[in-house]
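# Survey of secondary and tertiary structure
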Amino acid sequence: MLGLDVHLVSKERLSKDRTRPKNSLVILCIISQSLSISEFEGMLSNGITHRPKVLYVSYGLPSKESTSKPCFKLNVNFQELELDKREFKAMVHEVMRTLNKGHEEIMEDTTFPVGLSARVDEMWKEMSRYLSGSNKGVQCLGFLGMGGVGKTTTAMSVYNKIQNQFEAAYFCLNTRARAATGFEPLQREILESILSQNAAHGKALLSSSSMDPTNDEVHGNVLFSSGLKGINAVAGLEPINNEVHGNALLSSRLRGIHALVVLDDVDSVAQLEAVYNPLCSSLASNSVVIITSRDRHILEHAQSRRIFEIQELNEESSQRLFNWHAFLKPEAPAHLKEVSESVISACRGLPLALKVMGARLYHESEKKCWDESLHFLRQNEGEIFGVLRRSLEGLESAQRDSFLDIASFFVGSTDVICRAYLEGVYGVGWTRLKVLHSRCLLAFEKEVGNCETKQRSIGMHDHLRDMGRQIIREKEKNRAWDEETAKDFLKRESTRSALCGLLINSAMALPYEATKCDSLPELKFLRVVGDSQDGESLQEERLARNVLRNVHCEELRLLDWRNAPFREVPPGLAASIHLRVLDLSGSRIAQLPAFTNLRYVDLAGTNICEVPHEIFSANLEYMDLSRTKTKGLPSGARSPNLTRLYLLDTEIRQVPHGLYSTTLEILGISGTNISEVQVGPIIWGSRLKLIVHKGKQTYLFRDAGNSTHSFQ
């Protein structure tokens, strides 16, 4: 399991040596007619002193025993020897969730890591030679290979295997894509992650040596946890003004920390200069940086001690990986064995293609369907997009459109924003994401953040993203994500009128034909980037920022225009009653329409003085009013689904009672005059904790009855 040690122990072996599970974090116990729950718990209690997490698995066998531990009763088709795929994945995710409760975070990218163990063990033997001894500097190792060959998955496995040997560990997925929007957010995330882990690591070592019971103190309803020391370690971290400033902070603030860092998918020297070089000048000797890339020149420029070339899977591993995804077992049924081997051969040993095609054909038992897929693959043999495009077949029209939306605009976005948009357009969000995830067409990744405040983001392999965009260029022609596609699609009236999504730079000069456009009737997604509040230098009428202010968009579901120059939302952009996501952070906006369906609102750093009461609806899940001129919130505001509320550096004195929802997880009130928060049953309806940021401190509240906590 991605670098983790997994051992299979029989009842007989455990009976002879009951100390075998003594170092286990998680135990999966398979209940059978020869091993009951009570019998196993007796063996466990007599053999070890600590208590690992135990999960029971029952393969449809009736049992009168009950347990408070999680128990997965997997449905099995014994005639076909087939497990239920959803139940199996649920069990895997529960194990991963349990493992991630510790300080180390386990990276997970694949459900069936076929062939990984042998590959990683072989690589680790060679890596150990470079990492042993008294090296004076940071050690860089490179993973080289074509897209889809498994560089990221291999890096995750190595990361899981060795991360506990370091004071801090950081894994940056999709460095190339994240750097495209600027290096500053990435530089800050690296700082926050490593500093918080290093602080928590130091506290943990202190506790183990001094055994001081006052290291974790409970005062009333507030738990000042040693696990929160990492949050406080970065609470005062100064903002990063630009890439050069971020480079300097990485070089100075991380000095002497023994860390493991993985930079995934690096494709330019600029990325090395902004992130890798300052890490090399600051981290402690024998720290390790692993870089994955498709470009050998990049790895040579980083002066890698060793470059490992990641090869395609061999025939045996290809068969096993495909079969687990297609049949949930290592071998194909007899009537599909021949055709499945032909499909596997057409995938050419690429793990991504094998995984996607296997998921596409899961539960397809008719040979005719397999023959059609094989015919398609042979027609497109040698073209990875052709192999992957087959994976879209079988999707409903709305599911396919959702995939194209995500490929165009949402890779790297939080799942909250993506889900809100999909719900606004198609009526369902989370269900749609789960369907695409089950087909291996997207992944849920974890954003780097403080240990208690992480959010999931949407990930997608480059090949899948590029395939989706190729489909749009060739056929759909209704989503534009860069200057080339924007100019092409805005030039003609036929494509302008069908345009449903547009990501555009504010300073881009539009085609002459588009400057006369007064309506984009189908536009649902609009993100304008690269703007500034200073409008004097950008007055040319052909610029996107000036044309779009006068365009009527009645169907908008998402409006993202950071640093916008306007003080009021232009009438054409405010015309939609369906808007779900609004991000005007850093803009000059001072007045806001009374939108009623918003789920996500970011107005941080704007001139907003008052938020309309209508915005605080049952739909609202996320709101950021930090650094605004807002002095108060509507007293009757009620948002029962609100999960995050940021009011940092405002003159707000009180949070209305109706905003302490049963789902509220994060409340940011640093720099405000708020002196009390409500703590009681209304908070604890459906969650375990509430995190409050106040000043330079972070408070973790747990259920302690009905009360009010004062910060004075």
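These numbers were taken from a predicted model, which means no experiment stands behind them.

What counts, and where the lines are drawn
Residues numbered from 1 in each chain as written. Predicted model: local features only at pLDDT ≥ 70, side-chain atom pairs only at ≥ 80, totals over all residues. Heavy atoms only, no water. Pairing = 2+ DSSP bridges. Helix = DSSP H or I, 4+ residues; strand = E, 2+ residues; numbered from the N terminus. Axes fitted to C-alpha atoms, helices over the stretch in contact; angles between N-to-C directions. Salt bridge = Lys/Arg side-chain N within 4 Å of Asp/Glu carboxyl O. Buried < 20%, exposed > 50% of the residue type's maximum accessible area, 1.4 Å probe, protein only. 1 Å grid on protein atoms, 1.4 Å probe; cavity = no way out; pocket = protein on both sides within 12 Å on 5 of 7 lines; lining within 4 Å. Points joined across faces, edges and corners; volume = space filled by probe spheres on them. Phe/Tyr/Trp six-rings, centres within 6.5 Å; stacked < 30°, edge-to-face > 60°. Lys NZ or Arg CZ within 6 Å of the ring centre and 35° of its normal. Contact = heavy atoms within 4.5 Å. pLDDT = per-residue confidence, 0-100.

### Digging into the sheet that holds strand S2 (residues 53-58)
In spatial order, the strands read S1-S2-S3; together these three strands make up an open sheet with parallel pairing. Here the strands that pair on one side only, and so sit at the sheet edges, are strand S1 (26-31) and strand S3 (71-73). Along the sheet, successive strands turn relative to each other by an average axial angle of 20°, direction set aside. Where S2 meets S3, three bridges bridge the pair, whose relative direction is parallel. Bridging across to S3, Val57 finds its partner in Phe72.

### A closer look at the pattern of salt bridges
Evaluated as defined, the whole model comprises 29 salt bridges. Between Arg176 and Asp462 there is a salt bridge, and its shortest N-O distance comes to 2.2 Å. Of this pair, Arg176 sits in helix H6 (residues 175-179) while Asp462 sits in helix H20 (residues 462-476), and the two are 286 residues apart along the sequence. Judged by its relative accessible area of 23%, Arg176 falls in the partly exposed class. Residue Arg294 pairs with Asp462 through a salt bridge whose shortest N-O separation is 2.9 Å. Linking Arg294 in the loop between strand S11 (288-293) and helix H11 (296-301) with Asp462 in helix H20, this pair joins segments that are 168 residues apart in sequence.

### Details of the environment of Gln678
Along the chain, the position of Gln678 falls in strand S24 (residues 676-679). The exposure class of Gln678 is partly exposed, given its relative accessible area of 27%. C-alpha of Gln678 to C-alpha of His709: the two residues are 31 residues apart in sequence and 6.5 Å apart in space.

### So, empty space enclosed by the protein
All told, the structure shown has one cavity of 30 Å³ or more when counted by the stated rule. Of the pockets and cavities examined, the largest cavity occupies roughly 70 Å³. As for the largest cavity, its lining consists of Leu490, Arg496, Leu502, Ile504, Leu510, Ala514, Cys517, Leu520, Val547, Leu548 and Val551. Of all the elements in the fold, those that place two or more residues in the lining of the largest cavity are strand S16 (501-505) and helix H24 (544-548).

### A few points about the packing of aromatic side chains
One pass over the full model with this rule turns up 13 aromatic pairs. With 5.9 Å between their ring centres and 85° between their planes, Tyr421 and Phe525 make a pair best called edge-to-face. Here the residue Tyr421 occupies a position in helix H18 (residues 415-426), and Phe525 occupies one in strand S17 (residues 525-529), the gap between them amounting to 104 residues. Of the two residues, Tyr421 and Phe525, both sit in the buried class. Between the aromatic rings of Trp561 and Phe566, the centroid separation amounts to 5.1 Å while the plane-to-plane angle is 80°, which identifies the pairing as edge-to-face. Each of the two residues, Trp561 as well as Phe566, counts as buried. Taken together, Phe409, Phe410, Tyr421 and Phe525 form an aromatic cluster joined through their ring pairs. Cation over ring: Arg306 sits above Phe308, and NZ or CZ is 4.4 Å from the ring centre. A cation over an aromatic ring shows up here: Arg456 above the ring of Phe444, its NZ or CZ 4.5 Å from the ring centre.

### A few points about the sheet that holds strand S7 (residues 168-172)
Across the sheet, which stays open at both edges, the five strands sit in the order S7-S10-S11-S6-S12 with parallel pairing between neighbours. Whereas interior strands pair on both sides, the edge strands pair on one side only; in this sheet they are S7 and strand S12 (306-309). With direction set aside, neighbouring strand axes in the sheet form an average angle of 15°. By the bridge criterion, five bridges tie S7 to strand S10 (residues 259-263) in an arrangement that is parallel. Bridged to Ala169 within S10 is Leu260. Taken strand by strand, helix H4 (residues 116-131) contacts strand S6 (139-144), S11 and S12, and its axis lies near 170° from that of S12.

### Quick notes on the environment of Asn550
In this structure, Asn550 sits in the loop between H24 and strand S18 (558-561). Distance in space between the C-alpha atoms of Asn550 and Thr515 is 9.8 Å, their sequence separation being 35 residues.

### Considering the confidence of the model for the protein
Caution is warranted with low-pLDDT regions, since their predicted coordinates should not be read in detail. Per-chain confidence: the protein averages 81 in pLDDT, with 79% of residues scoring 70 or above. Mean pLDDT across the elements of the protein bottoms out in strand S8 (residues 217-219) (35) and peaks in strand S19 (residues 581-583) (98). Throughout residues 203-231 the model reports pLDDT below 50, and contacts reaching past four residues in sequence, or to other chains, amount to 43 contacts. Within the model, pLDDT remains below 50 along residues 681-688, and this stretch shows 30 contacts once partners closer than five positions in the same chain are excluded.

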